[in-house]
Amino acid sequence: MIKRIKGKTKKVLAAVLAATMMLSMSGCSFDEFYHETILGETHSDSSKKDDKKKDQKKDKDSDTQEKDDVDYASEENEDFEAFLMEYFEDTVTEDTITYNDYIYDESSYGIPKPAEATWGDAVMDEAAIEREKKEDEEFYDKLMEFEDAELTEDERFTFECLKTDAEISLHYYDNVYIRGAFSPMNGWQESLPTLFTEYRFDDKGDVEDYLALMNQTKDVMAEMLKFEKTRSEKGYFMKDSSADEVIEQCDEFLNNKGEFVISDFEEKIDGMDFLTEEEKETFKEQQKKSVEEVLIPVYEDIKATIEELKGTSTNDKGICYFDGGKEYYEDYIFPMYSGSAKTVEEEIEVIDDRYDDLMMQLYSIYSSNPDAYEEFAEKGDEIYSVYNDMEPGELVDMFQEKYMDDYPLEGKIPYEIDFLSDSISKIKKTTLAYYVTNPADEPDHNVIKVNSQYHDGLFNTLAHEGCPGHMFQFWYFRNTNPNPGRILESNKGYVEGWAVYTAYDVGLKCDFEGKEDNAKVFAQLEKLNSEIGYLAQERVDLGVNYEGWDLEEVKEYLAKVGIDESVAQEIMDSSIADPGVYLSYTVGYYEIEELREYAEDELGGDFDAKEFHKAILDAGPCQFGMLRKKVDKYIEENE
């Protein structure tokens with residue numbers, strides 16, 4: 001999902017001034033930087049880079065030795081396969097919404113949908129949380145029974161992926177009250193409308209389930225609101241600015257009176273040939289009544305409760321100011337969102353070093369082509385104008401036809417473009433577009449939702465959400481017939497990191513129709529501009545939630561990277577309200593880029609981008625420590 005990056009292009013690119021100062025103090029001359037970083041040349045006296053390569057080689061040799069010591073089974077372990085299928089079935093049948101998300105055809109896995117429409121267990125009191133914790137611990141214990149079992153290579157990989165994920169997930173219970181149910185970006189008030197507008201109707205029973213689920217919403221949200229009251233009592237309720245955003249989102253829905261949910265439903269119903277005209281009218285009447293008598297009162301309840309609890313926050317800074325909050329960020333939020341095996345301190349070092357690299361690259365471009373640089377800084381929004389005027393479908397088609405040579409795509413991926421209504425676009429105001437993940441058993445069911453409030457940024461957005469981004473990665477992995485245990489895994493760092501990485505890849509190949517003379521420079525600057533924006537938001541997140549930055553420290557950092565300090569409060573508030581959200585984009589991208597650099601260094605002229613991308617895609621969503629093993633295997637098979 002694309003989130004809008006704060007700060008104007010010309011403000012971000014002003015950071016080149018800071019790069020000038022940095023270069024004057026750096027031990028690395030511009031000529032040395034140009035040859036090593038821009039041209040990619042290496043020298044024997046480049047000790048830092050050589051040391052990094054040695055460490056990577058040592059890690060690779062260690063991993064290879066560990067791999068060589070493993071005797072994989074030649075046949076699947078029936079008990080482990082049964083365990084994975086039980087895990088998959090239990091998860092997709094826990095509630096009707098999850099089943100609808102993952103299963104298109106009941107016969108695909110032989111798993112019938114829940115007999116009655118259900119949200120699952122929505123209770124969030126202490127007894128329910130303890131019960132859920134016990135269930136997760138029991139799952140982990142049962143999984144660990146296979147630690148020394150004879151498993152195939154694929155099964156061992158699945159085991160290690162599930163083990164890592166489970167160990168991270170158990171840290172959620174270290175303090176469940178730190179994260180709320182109604183945050184501005186990821187709260188129920190934000191996701192409820194799209195939950196209903198994206199519910200898939202494959203038959204009459206799905207329509208009946210949809211209506212039953214909508215009628216249960218009031219009871220489910222009542223439990224969520226009880227949880228928020230408990231958070232307030234324990235001193236963990238959101239700060240006032242976050243509460244104001246949630247209230248504003250509720251008002252957007254209430255002012256619209258749920259009309260966009262009604263119109264979306266009616267439009268879908270009209271196109272269903274498996275319903276009679278009488279059934280269509282009956283369902284329309286029932287849904288409208290449910291919106292008026294259930295969904296609207298739900299939003300009234302959310303708004304009233306948030307207004308009631310507003311002012312009870314005991315902390316207007318990052319979660320590290322809560323007791324145990326710093327450890328919670330390090331043990332749960334950071335690995336969950338980033339997928340990285342690095343520590344937070346190591347990631348901070350990576351980000352700070354990366355910032356220095358970006359400034360050097362900006363300075364190089366400015367020094368070699370100041371006219372193109374200044375044109376981009378002043379008119380950056382115009383260079384994509386020809387693409388912004390295209391229909392979204394035209395862009396996605398163009399990507400599939402023009403930019404997929406380095407990716408394992410045969411033919412064309414079927415998809416649909418669907419625009420969000422004006423009202424839901426305002427509720428999801430930080431979202432440019434998003435890909436609706438296809439069912440596990442129907443890779444060709446692909447939908448990209450586009451926010452109608454924005455008309456710029458379509459090129460990068462649809463490369464990210466479509467091809468070779470999310471749509472391609474999910475379509476491809478679904479078509480590998482993955483183990484059921486892997487289907488449920490959707491590691492945020494892997495998923496968003498791939499989409500950012502591939503959008504940059506496409507962007508660097510863009511010829512900028514009408515501006516071909518400076519296309520390469522514009523492409524580099526666009527990437528740098530975007531990367532600085534992501535980097536700044538991640539660094540603020542780490543600073544605020546782990547290091548305890550206050551507003552002045554946020555302003556100081558943003559000024560350093562060329563972003564106007566007027567947005568400091570907004571970025572800080574976003575990091576506090578939804579900690580870790582931007583880690584998926586930045587850390588995920590850097591991890592994949594590191595793996596590519598590592599593979600290129602090891603293979604040299606034998607490196608093949610298409611085969612590298614295939615190795616990443618074949619692995620599927622996983623933690624990056626596990627993905628490294630797949631890249632090692634790719635290297636071993638090609639060196």
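Residues numbered from 1 in each chain as written. Predicted model: local features only at pLDDT ≥ 70, side-chain atom pairs only at ≥ 80, totals over all residues. Heavy atoms only, no water.

What follows is about the overall build of the protein chain. Scanning the protein chain for helices and strands turns up 29 helices and 4 strands. Per-residue burial for the protein chain yields a buried fraction of 54% across its 639 residues. Considering only residue pairs separated by 6 or more positions, the protein chain has 79% of its internal contacts joining residues 24 or more positions apart. (Helix = DSSP H or I, 4+ residues; strand = E, 2+ residues; numbered from the N terminus. Buried < 20%, exposed > 50% of the residue type's maximum accessible area, 1.4 Å probe, protein only. Contact = heavy atoms within 4.5 Å.)

Scanning the entire structure with this criterion turns up 3 cavities of 30 Å³ or more. Considered as a void within the structure, the largest cavity measures approximately 50 Å³ in volume. Contributing elements (two or more residues each) for the lining of the largest cavity: helix H21 (470-478) and helix H23 (492-509). In terms of residue count, H21 provides more of the lining of the largest cavity than any other element does, 3 residues in total. Classifying every residue of the lining of the largest cavity by side-chain character gives 6 nonpolar, 2 polar and no charged. (1 Å grid on protein atoms, 1.4 Å probe; cavity = no way out; pocket = protein on both sides within 12 Å on 5 of 7 lines; lining within 4 Å. Points joined across faces, edges and corners; volume = space filled by probe spheres on them. Nonpolar A, V, L, I, M, F, W, Y, C, P; charged D, E, K, R; others polar.)

A word on the confidence of the model for the protein chain. Should the pLDDT be low somewhere, the predicted coordinates at that spot are not to be read in detail. Averaged over all residues, the pLDDT of the protein chain equals 88, while 88% of them reach at least 70. The least confident element of the protein chain, judged by mean pLDDT, is helix H3 (residues 30-38) at 31; the most confident is helix H13 (residues 277-309) at 98. Below a pLDDT of 50 lies the segment residues 2-50, which in the model reaches 93 contacts outside its immediate sequence neighbourhood of four places, other chains included. The low-confidence segment residues 60-67, where pLDDT is below 50, has 14 contacts with residues more than four positions distant or belonging to other chains. (pLDDT = per-residue confidence, 0-100.)

Our focus in this paragraph is the packing of aromatic side chains. Summed over all chains, the structure comprises 46 aromatic pairs. Where Phe196 meets Tyr210, the ring centres are 5.6 Å apart and the plane angle is 80°; that geometry is what we call edge-to-face. Taken together, the residues span a long stretch of sequence, with Phe196 in helix H9 (residues 188-197) and Tyr210 in helix H10 (residues 204-233) at a distance of 14 residues. Taking relative accessible area as the criterion, Phe196 reaches 2% and is therefore assigned buried. A ring pair is formed by Tyr329 and Tyr546, whose centres lie 6.3 Å apart and whose planes are at 40°; its orientation type is tilted. Taken together, the residues span a long stretch of sequence, with Tyr329 in helix H14 (residues 325-338) and Tyr546 in helix H24 (residues 519-547) at a distance of 217 residues. One exposure class covers both Tyr329 and Tyr546, and it is buried. (Phe/Tyr/Trp six-rings, centres within 6.5 Å; stacked < 30°, edge-to-face > 60°.)

Direction vectors running N to C along helix H25 (residues 551-560) and helix H26 (residues 568-577) enclose 115°, while the axes themselves pass 9 Å from each other. When the axes of H25 and H26 are compared, the crossing they make is right-handed. Listed contacts from H26 to Leu551, Val554, Lys555 and Leu558 of H25 are Ala568, Gln569, Ile571 and Met572. Grouping the amino acids of the contact of H25 with H26 by side-chain chemistry returns 6 nonpolar, 1 polar and 1 charged. (Axes fitted to C-alpha atoms, helices over the stretch in contact; angles between N-to-C directions. Left-handed = near helix turned anticlockwise from the far one by under 90°.)

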